[in-house]
Amino acid sequence: MSASAKPTSDMAEERTRGSLITRLLKVRVGWMLARNTVVSIGAFLIGLGVLWLLVERAGMGEVIASGIGFAIANTLHYILGRSWIFRGTDRAMASGYALFLINGAIGLAATMALMAVMLALTPIDYIVARILVSVIAGLLVFVLNAVWNFRRV
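None of these values were measured; they are calculated from a predicted model.

Asker: What exactly am I supposed to notice about the packing of aromatic side chains here?
Answerer: Between two aromatic rings, the relevant description is the distance of the centres plus the angle of the planes. One pass over the structure, following the stated rule, counts six aromatic pairs. With a centroid separation of 6.0 Å and 25 degrees between ring planes, the pair formed by Phe-86 and Phe-142 is classed as stacked. Linking Phe-86 in the loop between helix H4 (62-81) and helix H5 (93-121) with Phe-142 in helix H6 (residues 126-149), this pair joins segments that are 56 residues apart in sequence. With respect to burial, Phe-86 and Phe-142 carry one shared label: buried. Seen from their ring centres, Phe-86 and Phe-150 are 4.6 Å apart, and the 15 degrees between their planes marks the pair as stacked. Of this pair, Phe-86 sits in the loop between H4 and H5 while Phe-150 sits in the segment after H6; the two residues are 64 residues apart in sequence, bridging distant segments of the chain. Take Phe-86 and Phe-150: they sit in the same class, and that class is buried. An aromatic cluster of at least three residues, connected via ring pairs, comprises Tyr-78, Phe-86, Tyr-97, Phe-100, Phe-142 and Phe-150.

Structural data, given as structure tokens:
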């Protein structure tokens, strides 16, 4: 029987075996990360557009605007990613969204803190800083969602 044809109980048992690092390094999780990356890039580009509009057109500060752009992109990510990235989750829609928002808040805190540090300590443009910060925050949020929220790892 192929890995994709395993009964759900076998998949749940597989997710609980081994260290977190071992589970994260499985090919199946790599494919989830690849799908997550596709969704994240699309949502992120929309978030960057919101950031740019808020800073350049509305005159808002870069750090607060990055938080608002992140929140919008994070919600879009949940809508687009629930059925594709974390297929087979048994998490209910409402509780999944609530946990996704909690994970997003953790990512938002990391994003805003890292943005503040980068803007204060480097001459990096705020858009470039936001792109760099997104890699760290994005991986953190992916792991939180894969392990804790959707329980797919």
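That covers the picture; the talk isn't over yet.
Asker: What is the right way to look at the layout of surface pockets in this model?
Answerer: Gaps between atoms show up when a probe of the same size as a water molecule is rolled over them. In this structure, the largest pocket spans a volume of roughly 510 Å³. Forming the boundary of the largest pocket are 22 residues, of which Ser-40, Phe-44, Ser-134, Gly-138 and Leu-139 lie nearest the centre. Every element with two or more residues in the lining of the largest pocket is listed here: helix H3 (27-57), H4 and H6. Ranked by the residues each element gives to the lining of the largest pocket, the list is headed by H6, at ten residues. Looking at the lining of the largest pocket residue by residue, the classes come out as 13 nonpolar, eight polar and one charged.

Asker: For this particular structure, what's the right way to read empty space enclosed by the protein?
Answerer: By the definition in use, this model includes one cavity of 30 Å³ or more. Empty space within the largest cavity amounts to approximately 30 Å³. Around the largest cavity, the lining residues are Gly-47, Leu-48, Leu-51, Ala-65, Ser-66, Gly-69, Phe-70 and Arg-130. Where the lining of the largest cavity is concerned, the elements lending two or more residues are H3 and H4. Element by element, the count of residues in the lining of the largest cavity is highest for H4, at four residues.

Asker: Whenever I open this one, the nonpolar core confuses me. Can you help?
Answerer: General note: in soluble globular proteins, nonpolar side chains tend to be found buried as a group. Core analysis: the biggest nonpolar cluster contains twelve residues, these being Phe-44, Leu-48, Val-50, Leu-51, Leu-54, Val-55, Ala-65, Met-115, Met-118, Tyr-126, Ala-129 and Val-133. Secondary structure elements with two or more residues in this core: H3, H5 and H6. Among the elements that make up this core, the one with the highest residue count is H3 (six residues). For Leu-48, the residues in contact, after removing those within four places along its chain, are Ile-127, Arg-130 and Ile-131.

Asker: What is the right way to read the environment of Leu-33 from this model?
Answerer: Note on placement: Leu-33 falls in helix H3. In the structure, Leu-33 is positioned 53 residues away from Phe-86 in sequence and 9.6 Å away in space, judged by C-alpha atoms. In contact with Leu-33, not counting residues within four places along its chain, are Leu-139 and Phe-142.

Asker: Sorry, what's going on with the side chain of Arg-35 here?
Answerer: The topology assignment puts Arg-35 in helix H3. Take Arg-35: its relative accessible area is 13%, and that puts it in the buried class. Polar contacts involving the side chain of Arg-35 include one to the main-chain carbonyl oxygen of Ile-85, which spans 3.0 Å. Apart from residues lying up to four places away in sequence, Arg-35 is in contact with Trp-84, Ile-85 and Arg-87.

About the criteria used
- Residues numbered from 1 in each chain as written.
- Predicted model: local features only at pLDDT ≥ 70, side-chain atom pairs only at ≥ 80, totals over all residues.
- Heavy atoms only, no water.
- Phe/Tyr/Trp six-rings, centres within 6.5 Å; stacked < 30°, edge-to-face > 60°.
- Helix = DSSP H or I, 4+ residues; strand = E, 2+ residues; numbered from the N terminus.
- Buried < 20%, exposed > 50% of the residue type's maximum accessible area, 1.4 Å probe, protein only.
- 1 Å grid on protein atoms, 1.4 Å probe; cavity = no way out; pocket = protein on both sides within 12 Å on 5 of 7 lines; lining within 4 Å.
- Points joined across faces, edges and corners; volume = space filled by probe spheres on them.
- Nonpolar A, V, L, I, M, F, W, Y, C, P; charged D, E, K, R; others polar.
- Core = buried A, V, L, I, M, F, W, Y, C linked by side-chain atoms within 4.5 Å.
- Contact = heavy atoms within 4.5 Å.
- Polar contact = N/O pair within 3.5 Å; in protein donor to acceptor, adjacent residues only side chain to side chain.

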